[in-house]
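Architecture and fold: a report
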Amino acid sequence: MKELIIASAAFAFFILCPRMAGMTKVISDASHVELVKVVVFGTIFALPLIIAMALIFARYGLIAALIFAIVTDFASALLMREISMKAGVETLVIALFVIIGVKVASMVSGWMS
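Values in this document were obtained by computation on a predicted structure and should not be read as measured data. (Residues numbered from 1 in each chain as written. Predicted model: local features only at pLDDT ≥ 70, side-chain atom pairs only at ≥ 80, totals over all residues. Heavy atoms only, no water.)

Within the structure shown, the criterion is met by 1 salt bridge. For D29, the salt bridge goes to K25, with nearest N and O atoms at 3.0 Å. Residue D29 and its partner K25 are located together in helix α2 (residues 18–31), separated by 4 residues, close to a single helical turn. For D29, a relative accessible area of 43% translates into the label partly exposed. (Salt bridge = Lys/Arg side-chain N within 4 Å of Asp/Glu carboxyl O. Helix = DSSP H or I, 4+ residues; strand = E, 2+ residues; numbered from the N terminus. Buried < 20%, exposed > 50% of the residue type's maximum accessible area, 1.4 Å probe, protein only.)

With that out of the way, let us pick up the layout of surface pockets. Roughly 2500 Å³ of internal volume is contained in the largest pocket. Surrounding the largest pocket, 50 residues form its lining, R19, M20, A69, T72 and D73 being those nearest its centre. Residue composition of the lining of the largest pocket, grouped by class: 39 nonpolar, 7 polar and 4 charged. (1 Å grid on protein atoms, 1.4 Å probe; cavity = no way out; pocket = protein on both sides within 12 Å on 5 of 7 lines; lining within 4 Å. Points joined across faces, edges and corners; volume = space filled by probe spheres on them. Nonpolar A, V, L, I, M, F, W, Y, C, P; charged D, E, K, R; others polar.)

Structurally, T24 can be placed in helix α2. On the accessibility criterion, T24 (16% relative accessible area) is buried. Setting aside chain neighbours within four positions, we find T24 in contact with L35, V38 and V39. (Contact = heavy atoms within 4.5 Å.)

Looking at where S28 falls in the secondary structure, it is placed in helix α2. Ignoring any residue separated from it by four or fewer positions in sequence, one finds S28 in contact with V33, E34, L35 and V38.

Here the focus is helix α3 (residues 35–60). For an α-helix, 3.6 residues make a turn, and residues three or four places apart therefore share a direction. Most pronounced at A46, the bend in α3 amounts to some 40 degrees, and the proline P48 follows within four residues. Remark: G61 follows α3 within two positions and exhibits a positive phi of approximately 100 degrees. (Bend = angle between axes of the 7 residues up to and from the residue.)

Structural data, given as structure tokens:
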């Protein structure tokens, strides 16, 4: 049980990021819904997506997980009816940086062994 609590706390700290906070604020403002309500209900809706992401990554790898992430980013924009070329380019650039970051991290850690 101790291992589950530690791993779960580490995961909870890991999934927080400024991009998520910023997008939550944008969504809250654009939809005129209270920020905390967006966070609570969004977390409930996100749970199966987070599980799907982890399973996709574990089974098919980084590229498949990134494709899933890009699809969900665009789905969010479409739901909000505010997709733009700028948002599309930003999503692709972020995806490329993630791929490069994972590859570089793997190379660096390989040099350490």
